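Examining the three-dimensional arrangement
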Amino acid sequence: MHLINYISVLFLMVSSSCTQTKLIKTEPPEWTKTAAIYEIMPKQFTPQHNLKGITQELARLRNQYVSAISILPIFTTLDINNAYNPGDPYACSEFLTIDPALGTDHDFKTLIDSAHHFNIKVLLEFNLTYTTPNHPWRKEYPEFYKSSQAKNDTAFNQDYIRFNLEHKTLQKKLIHILEHWMKDFPLDGFVLMNADQFPESFLNLLGSKINSKKFYLVSGSNTPEFVERGYFDSYFNYDLYHLFIKMVDNTCTSQDFKSLMEINEKATFKNASILFNQNALLNNKDGTETQRFYGFYKLCSVLSILTGGIPMIMNGQEEPMFDRINPYSNQAIVFNKFFSRDFFRSLFIHRLDNPAIQSIQDNLPVIISDATHVLAFERKHGEASIVVMANLTNQVQSFTLKNDYIQRLEFFTRALTNFEKNKSYTLNPYQYIVLTNIK
């Protein structure tokens, strides 16, 4: 009898543990296979500085073949008189209501419904690791924060606004916030910034409460391990961005990209990371794509879209942007030239039409040259193919190919070209060539 009781207790313990960590999802949502994401800073995106302004831009974005928008937090923030995180669009004063300056619940529902009419998915971004110092929880639940000391000597203590994410009651309240937005608005997913700071207990809660087969959950941190363990569908791939930084110094090699591709190859779900050369955090921290990668920012976008993952661009990149977005200013992004609009539109259309560059399992990049400073690779799916050749430096570079590519279309000019194996070719500084066999 004692043995039976022991086995029963052991079974219950194992079952309880499995229930805690069981994840429903088995693969990312189907629509992510052809997704092209456009990140929006709602206060600066249009002259209206609100949600209605975003709604009015949806037709243009769809014409650019954007298929998902990721909107930065739409909650009230404290931009002035805040010594901890002034101007930070992720530092919220509360999480459950929309900033009146941006609009109403009705405006947000109209935005989502209109986006769905254009077959555009809507993601909402959060940072659940800190608040502004005037968040009501700062007084009501001081135990939710890492510290109750506003200052360390004369310095403002950042732990005063950072959550203690190990706190069980706080975890439940944060999950309740996410559930509120899922229940009241027909959103398609969340992007959770600073997810690398989430403890295991909170990840388990996310997995059991938020994860679903249709809802898209993205880690805004470089956390491929969280995708492997099933907590998230995708993650922000900052490793690729760091390679772009190396290109500035002429220290990037094709081997660096090969190492990045090998991480993708080992992943359970291939091509699931989100790739970019610009997002809201980088714009605020490092400047615009043209400031960081002057003279080769388009090359970075080509690699972000074609190397294997889900591409994301930031509002304004179709201009492109030469000045970073100022969170303190009411100056909206001025769209009057669209120098890069057709560039992105062409690549996003091709992502829809060419399965070789979609986010699927069997079209991983294959390196087709031994050149050190020229990255050359091919991606294939069935008969469909895409070939990329890119000079990673500001010096002229020579290279040879391991395969013949005869009568291929140069992607941007649509000219028929021939590239023969073992024949020497040169690329000018940061020059790139893209070949396709899809007309």
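We now turn to the structure provided with this report. (Residues numbered from 1 in each chain as written. Predicted model: local features only at pLDDT ≥ 70, side-chain atom pairs only at ≥ 80, totals over all residues. Heavy atoms only, no water.)

**A short note on the state of the cysteines**
By definition, a disulfide links the sulfur atoms of two cysteines through a covalent bond. Taken as a whole and assessed by the stated rule, the structure comprises 0 disulfides. Cys252 carries a free sulfur, and the closest cysteine sulfur to it, the one in Cys300, is 9.5 Å from it. (Disulfide = S-S within 2.5 Å.)

**Focus: the packing of aromatic side chains**
One pass over the full model with this rule turns up 37 aromatic pairs. Geometrically, the ring pair formed by Phe198 and Phe202 is edge-to-face, given 5.0 Å between the ring centres and 80 degrees between the ring planes. For the pair Phe198 and Phe202, a shared accessibility class is recorded, and that class is buried. For the pair Phe226 and Tyr231, a centre-to-centre distance of 6.3 Å together with 85 degrees between the ring planes defines the contact as edge-to-face. A relative accessible area of 5% places Tyr231 in the buried class. Sitting above the plane of the Phe156 ring, Lys151 keeps its charged end 4.7 Å from the centroid. (Phe/Tyr/Trp six-rings, centres within 6.5 Å; stacked < 30°, edge-to-face > 60°. Buried < 20%, exposed > 50% of the residue type's maximum accessible area, 1.4 Å probe, protein only. Lys NZ or Arg CZ within 6 Å of the ring centre and 35° of its normal.)

**What about the sheet that holds strand 12 (residues 374-381)?**
Pairing between the strands of a sheet comes from backbone hydrogen bonds, and it takes one of two forms, parallel or antiparallel. Taken in spatial order, the 6 strands make up an open sheet running 11-12-13-18-15-16, and their pairing is antiparallel. The sheet terminates laterally at strand 11 (366-367) and strand 16 (416-419), the two strands that pair on one side only. Here strand 15 (residues 405-410) pairs with strand 16 via 3 bridges, running antiparallel. Bridge assignment links Tyr405 to a residue of strand 16, and that residue is Phe419. Where helix 9 (residues 254-266) meets the sheet, its contacts fall on strand 11 and strand 12, and the angle it forms with strand 12 comes to roughly 30 degrees. Taken strand by strand, helix 12 (residues 297-306) contacts strand 12, strand 13 (384-391) and strand 18 (432-436), and its axis lies near 35 degrees from that of strand 18. (Pairing = 2+ DSSP bridges. Helix = DSSP H or I, 4+ residues; strand = E, 2+ residues; numbered from the N terminus. Contact = heavy atoms within 4.5 Å. Axes fitted to C-alpha atoms, helices over the stretch in contact; angles between N-to-C directions.)

**With respect to helix 9**
Over its 13 residues, helix 9 runs 19 Å from end to end, which matches the ideal 18 Å to within 8%, given 1.5 Å per residue. Regarding helix 9, the residues found buried are Ser254, Asp256, Phe257, Leu260, Met261 and Asn264. Buried residues of helix 9 fall within an arc of 155 degrees about the axis and therefore sit on the same side. If you follow the buried residues of helix 9, they end up packed against helix 8 (238-248), helix 12, strand 11 and strand 12. (Expected span 1.5 Å × (residues − 1). Arc of directions from axis to C-beta.)

**Overview of the pairing of strand 18**
The buried fraction of strand 18 amounts to 4 of the 5 residues, a majority that puts the element mostly inside the structure. Pairing of strand 13 with strand 18, which is carried by 5 bridges, proceeds in the antiparallel orientation. For Val387, the partnering residue across the bridge sits in strand 18 and is Leu435. Two elements, strand 15 and strand 18, share 2 bridges in a ladder whose sense is antiparallel. Bridge assignment links Leu409 to a residue of strand 18, and that residue is Thr436.

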